Structures are given as C-alpha cells and as structure tokens.
Amino acid sequence: MPRAQPRYRGLMSLAASDPSFDTRVFRFAARMGRLKASAIREILKVTDMPDVISFAGGLPAPELFPIQQFARACQEVLANDGQAALQYSVTEGYPPLRRWVSEYLARVNEIQCTPDQVLIISGSQQGLDLIGKTLLDPGDSVIIENPAYLGAIQAFDAYEAQYINVATDDEGMIPADLLRVLQEAKPKPKLLYIVPNFHNPTGVTLSLRRRKEIVAMAAEFGIPIFEDDPYGRLRYAGEHLPSLMALAQSRNCIYMSTVSKTIAPGMRVAWLVIPDRELFERVVPAKQAADLHTSSFTQRAVYTYAKDQAVFEGHIAEMLPVYARRRDLMIESLERYMPEGSSWTHPEGGLFLWARMPESVDTEELLSLASRSKVAFVPGYPFWVNRVVRNTMRLNFSNASDDMIVEGIRRLGDAVKAYLAGER
Ligand SMILES: Cc1ncc(COP(=O)(O)O)c(C=O)c1O
C-alpha cells in the first residue's frame with residue numbers, strides 16, 4: 001500500500017487553524033524596536049539638495065582631501081606589497097600601522113601605549129559598536145553628556161543600553177553633576193562615554209580642571225572611561241589639552257580616534273587603544289565576527305601616507321587655517337544676522353558650533369521655514385537625551401565656502417526673524 005504523503009499546509013491555512021501562528025516571514029529581534037535611522041541622516045536627505053546651502057552635515061571639506069599624495073601612497077602599496085594588500089589579514093590590524101599609531105599618540109597626545117594595545121577598526125563608528133557589543137547587556141547604563149553624539153546612542157541602542165545623562169556647559173561635562181550621577185546610579189553604570197575635544201554637536205572642549213576631576217571620579221567609582229577623540233587635531237585656537245587617557249595613565253580607559261577628519265572619512269580607518277589585556281582580547285573576536293579585519297589595502301595606504309611625518313603634518317597644517325577662517329566667518333555672520341536673544345558656542349576647533357535661539361523658537365519648525373529659503377541646519381532636539389530642548393541647532397562650518405557661509409547665515413537670520421514674527 002503506498003503511504004499517504006503528508007499534505008503541505010501553507011502559511012495561511014496554518015494561521016487559520018491556529019490564530020496564534022505568526023504569518024510574518026521576517027520576525028525582527030526585540031532590540032530593533034530601539035534602532036531607528038538616525039534623525040540626522042533623515043534630515044540630511046531633505047537638506048542636501050544641490051541648491052541648498054547646508055550647514056547640516058558633519059562633512060570635512062572635500063577640496064582639502066590630499067588626493068594626489070594619497071594616490072601616490074596607493075600606487076606604492078600596490079607596487080611593493082600588492083599581494084598582501086589584497087589578501088585577507090589579521091583582525092588586530094596591519095602591524096606597521098599599529099606601531100605608527102602608538103608612536104603618533106605618544107607624540108601628539110601624550111598617550112603611552114604599545115602597538116599590541118592598538119586595535120585598527122573600520123571607522124570610530126565600529127569602535128562604538130564593538131565596545132557596546134563587548135560590555136553592554138540589555139538594560140546596562142552608560143553615562144553620557146547631554147547633549148550627546150547621536151552615533152554613540154545609535155550604536156549603544158543596538159545593545160539595549162540605558163543612558164544616564166550628565167549636564168554640560170561651556171567647559172563640557174559638569175563634574176558636580178557627574179558626581180551626583182555616580183552617587184545615585186544603581187546598579188553601577190558600565191561605562192562613561194565622553195567626547196572631550198570640540199564636541200559633536202556642541203563644539204565645546206572639556207577644560208583641563210574638569211578632565212582631572214572626571215578622571216579622578218571615574219577612578220574612585222570604578223567606572224571605565226571611553227574617550228572618543230575624532231577632532232583633537234583640528235585645533236584653531238587655545239592650547240592643546242592632555243587626553244583623559246594620558247591623565248589617567250591609561251588606567252581603566254579606552255581611547256579612540258580616526259583618520260576621518262585628518263585624512264578622509266571614506267578611508268574608514270580608525271583605532272581603539274585598549275590597555276586592559278582582557279578587554280582587548282574580548283574586543284578582537286567581536287570585531288572578527290563583524291568584519292574579519294579592516295581593509296588590508298586601506299590600512300597599508302593610510303600607513304604609507306601618514307608615516308611621512310612632513311606630508312601628514314603638512315596636510316593638517318594646511319587644513320587648519322581654512323577651517324579656522326570658516327569658523328570665524330560663521331561667528332561674525334551670526335553676530336551680524338541673528339536676532340537678539342540668540343547665542344552660540346565659540347569652538348576652539350572641530351567642525352561644529354551650537355546655537356541657541358530665543359526660547360520661543362522650535363528649530364524643527366524653523367527648519368522647514370529655512371529650507372524654503374534654501375538654507376539648512378540640524379535641529380538640536382535629537383542630541384538631547386530627553387529631547388525636550390527645542391530651541392538649539394547644530395551648524396557645520398567646514399563644508400561650505402566663505403561666500404556660502406555668509407549668505408547662508410544671512411538667510412538663516414531672516415528665517416529666525418520671520419519665525420519670531422509669526423511666519424511658519
Ligand atoms: C564624536 C564622534 N565619534 C565618532 C564619529 C565617527 O567617526 P568615523 O568616521 O571614524 O566612523 C564621529 C563622526 O562624526 C563623531 O563625531
């Protein structure tokens with residue numbers, strides 16, 4: 001007797017016989033409920049139209065990219081080391097680049113680290129993800145500045161972190177507020193994440209006194225510091241300040257930087273410095289699972305370009321006056337065109353300044369008014385951890401020409417005045 005074939009039952013018939021049967025094919029992990037496309041990326045889609053003067057993105061000036069010297073470095077890599085450059089490689093990174101990073105950090109940041117404490121990563125954004133993956137369980141808390149770098153929140157959101165925000169002012173994170181947080185927070189936060197130099201979005205720099213206080217408090221309460229420093233080399237005024245990592249003599253610290261703002265963000269080359277051996281050895285497999293390793297070719301090209309100190313430092317020295325002039329021009333234009341009751345930060349470096357409009361201005365509403373006059377910025381509310389402050393905005397000064405800065409701020413000033421007069 002032939003055996004009866006089991007009858008194939010489609011999704012719909014299964015659902016009909018069992019109402020609890022889930023008919024969706026892709027059923028998302030719970031953590032995706034928290035993970036949204038960055039509000040900024042969404043805004044940029046609207047504002048980065050060709051005829052809009054945009055202060056919205058965080059882009060370096062492309063006309064300053066060292067294209068010819070970088071092309072030479074790429075050719076040299078392919079001519080001398082082509083096979084290895086195109087081959088799979090080790091997760092920790094290209095050894096000469098790791099060695100260069102340790103020497104570079106000793107030279108420019110007073111950080112004493114060995115090459116085997118340096119992990120080459122595919123952009124700082126990957127470092128945020130890897131540290132989140134390695135340290136954060138759902139519900140763990142991270143201490144962050146308020147307002148904070150959105151990319152960090154987005155990375156830690158994937159690990160279902162909670163945030164404890166610490167107030168900031170013109171000198172950065174306020175130690176008295178941090179102390180309150182450290183005394184009250186239970187259970188103990190897993191991490192203190194901080195951007196001490198030319199903060200994104202505020203442009204503010206953490207003062208030396210506060211650096212020392214924060215390092216001392218973190219040590220006393222046994223909280224690791226994760227120092228994110230993409231902008232440190234872009235200083236246009238004031239004195240260089242030692243990194244938190246250097247002040248803490250590397251104890252309980254993770255330091256991160258990138259070539260995105262000194263060479264070009266398209267490289268996707270950055271580094272984590274992790275002196276704690278156990279942590280380092282756990283972050284390596286986390287990276288391996290993510291991408292095996294950062295591009296063998298790009299690491300060699302960055303090394304070959306940057307190892308020539310005269311070339312690399314010469315390039316930074318060329319960029320600084322251009323950015324400094326754009327920053328000054330933006331501040332002068334704000335002074336000229338913004339109405340009474342508005343204020344802004346005076347960043348000593350980096351790519352952004354942070355402006356506060358009169359209390360009654362909602363910058364999200366203002367953006368639609370401003371985009372009709374073809375000028376754009378990022379409303380500040382997504383950067384505030386609780387999103388209640390509505391009258392701030394982030395303005396990028398690195399990616400527009402001198403003329404565009406003056407004209408864009410004039411249009412923006414007019415839009416604010418029109419808003420205050422009741423136009424929407
Ligand atoms: C504070 C901060 N961290 C990290 C990043 C990401 O940098 P990367 O291009 O190295 O991924 C940025 C980029 O704007 C940033 O502002």
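Residues numbered from 1 in each chain as written. Predicted model: local features only at pLDDT ≥ 70, side-chain atom pairs only at ≥ 80, totals over all residues. Heavy atoms only, no water.

### Re the overall build of the chain
Cut-off, in case you're wondering: Think of it this way: any DSSP run of H or I at least four residues long counts as a helix, any run of E at least two long counts as a strand, and we number them from the N terminus. Our radius of gyration is a C-alpha quantity, and the globule rule it is checked against amounts to 2.2 Å times the number of residues to the power 0.38. Only protein chains enter the accessibility calculation, which uses a 1.4 Å probe; a residue whose area is less than 20% of its type maximum is buried, one above 50% is exposed, and one in between is partly exposed. Every residue pair with non-hydrogen atoms within 4.5 Å of one another is taken to be in contact.
Regarding its fold elements, the chain presents 14 helices and 14 strands. Against the 2.2 N^0.38 benchmark of 22 Å for 424 residues, the chain shows a C-alpha radius of gyration of 24 Å, consistent with a compact globule. Overall, the C-alpha framework of the chain stretches about 95 × 60 × 50 Å when taken along its three principal axes. A buried classification covers 54% of the 424 residues belonging to the chain. Nonlocal contacts in the chain, meaning residues at least 24 apart in sequence, comprise 74% of its contacts between residues at least 6 apart.

### Some points on unusual backbone geometry
The omega torsion across Lys-186 and Pro-187 is -5°, close enough to zero to call that bond cis. On the secondary structure map, Pro-187 appears in the loop between helix H7 (175–184) and strand E6 (191–194). A cis geometry characterises the amide bond from Asn-200 onward to Pro-201, with omega recorded as 20°. Turning to its location among the elements, Pro-201 is positioned in the loop between E6 and helix H8 (208–221).

### As for the side chain of Asn-197
Formally: N or O atoms closer than or at 3.5 Å make up a polar contact, with two conditions inside protein: a donor-capable atom paired with an acceptor-capable one, and, for residues adjacent in sequence, both atoms drawn from side chains.
Structurally, Asn-197 can be placed in the loop between E6 and H8. Under the relative-accessibility criterion, Asn-197 is labelled buried at 7%. For Asn-197, the side chain forms a polar contact with the side chain of Asp-229, separated by 3.0 Å. Those residues within four positions of Asn-197 in sequence are excluded, and the remaining contacts are Val-204, Thr-205, Arg-211, Asp-229, Tyr-231 and Gly-232.

### Focus on the domain arrangement of the chain
Put simply, an interface is often sized by how much accessible area is lost when its parts join up. As a reminder of what qualifies: Domain limits in this description derive from either an automatic procedure or a database domain assignment. Summed over both partners, buried area is the accessible surface (1.4 Å probe) that two parts give up on being assembled.
For the chain, the assigned domains are domain 1 (33–65 + 312–420) and domain 2 (80–308). Computed over C-alpha atoms, the centres of domain 1 and domain 2 are 25 Å apart. Contacts between the two partners involve 34 residues from domain 1, matched on the other side by 39 residues from domain 2. Counting the surface lost from both domain 1 and domain 2, the interface buries some 3200 Å², and carbon and sulfur atoms represent 62% of this. In terms of surface lost to domain 2, no three residues of domain 1 exceed Arg-34, Phe-312 and Glu-348, which account for 25% of the buried area on that side.

### Notes on the packing of helix H13 (residues 363–372) against helix H14 (residues 402–420)
The condition is simple: For helices, the fitted axis covers only the stretch in contact; all axes are lines through C-alpha atoms, and the angles between them, taken along N-to-C directions, range from 0 to 180 degrees. Any angle from 65 to 115 degrees is called roughly perpendicular, while one under 35 is roughly parallel, one over 145 is roughly antiparallel, and all others are oblique. Whether a crossing is left-handed or right-handed is set by the direction in which the near helix is turned from the far one by less than a right angle, anticlockwise for left-handed and clockwise for right-handed. Amino acid classes used here: Ala, Val, Leu, Ile, Met, Phe, Trp, Tyr, Cys and Pro are nonpolar; Asp, Glu, Lys and Arg are charged; the rest, including Gly, are polar.
Between H13 and H14, the least distance of the axes is 9 Å, while the angle of their chain directions is 120°. The orientation of H13 with respect to H14, classified from their angle, is oblique. As for how H13 packs across H14, the hand of that crossing is right-handed. Facing Glu-365, Leu-366, Leu-369 and Ala-370 of H13, the residues of H14 in contact are Leu-412, Ala-415, Val-416, Ala-418 and Tyr-419. Grouping the amino acids of the contact of H13 with H14 by side-chain chemistry returns eight nonpolar, no polar and one charged.

### What about empty space enclosed by the protein?
The criterion, for reference: The pocket and cavity definitions rest on a 1 Å grid over protein atoms only: a 1.4 Å probe that fits but cannot leave marks a cavity, an open set with protein on both sides within 12 Å along at least five of seven lines marks a pocket, and residues lining either have an atom within 4 Å of a point. Grid points are joined across faces, edges and corners, and a volume is the space filled by probe spheres set on the points.
Per the counting criterion, the structure on display carries one cavity of 30 Å³ or more. Of the voids in this model, the largest cavity is the one considered here, and its volume is about 30 Å³. Pro-60, Ala-61, Leu-64, Phe-65, Ser-260, Lys-261, Ile-263, Ala-264, Pro-265, His-315, Met-319 and Tyr-323 are the residues that line the largest cavity. Here the lining of the largest cavity is built from residues that sort into nine nonpolar, two polar and one charged. If you count residues domain by domain, the lining of the largest cavity takes at least three from each of domain 1 (33–65 + 312–420) and domain 2 (80–308).

### Quick notes on the sheet that holds strand E10 (residues 343–344)
Two strands in a sheet stick together by hydrogen bonds in their backbones, pointing the same way (parallel) or opposite ways (antiparallel). In plain terms, the rule: At least two DSSP bridges between two strands are required for those strands to pair.
Across the sheet, which stays open at both edges, the four strands sit in the order E10-E11-E14-E13 with antiparallel pairing between neighbours. The outermost strands of the open sheet, each flanked by one partner alone, are E10 and strand E13 (378–379). In this structure, E13 lies alongside strand E14 (residues 392–396), joined through two bridges in antiparallel fashion. Across the sheet, residue Pro-379 finds its bridge partner in E14, namely Met-393.

### A closer look at the site of the ligand
Rule in force here: Near residues are defined by distance, with any heavy atom within 4 Å of the molecule or strand qualifying the residue. Calculation of accessible area relied on Shrake-Rupley with a 1.4 Å probe; when residues are assessed, cover is drawn exclusively from the protein chains displayed.
In the region of the ligand, 13 residues are neighbours, and Ser-124, Asp-228, Tyr-231, Thr-258 and Ser-260 sit closest. In this structure, Gln-125 approaches the ligand through a main-chain N or O atom, which is 3.0 Å from an oxygen atom. Protein coverage of the free-state accessible area of the ligand, which is 400 Å², stands at 91%.

### Considerations on the nonpolar core
What tends to happen in soluble globular proteins is that the nonpolar side chains get buried as a cluster. Short version of the rule: Nonpolar cores were defined as sets of buried Ala, Val, Leu, Ile, Met, Phe, Trp, Tyr and Cys residues, with membership established by side-chain atoms within 4.5 Å.
Core analysis: the biggest nonpolar cluster contains 103 residues, and Trp-271 and Leu-395 have the highest contact counts within it. Of all the elements, helix H12 (residues 309–337) adds the most residues to this core, at 11 residues. For this core, the two domains that each supply at least three residues are domain 1 (33–65 + 312–420) and domain 2 (80–308). Setting aside residues no more than four positions away along its own chain, Leu-395 makes contact with Phe-55, Met-330, Leu-334, Leu-351, Phe-352, Leu-353, Ala-355, Phe-377, Ile-409 and Leu-412.

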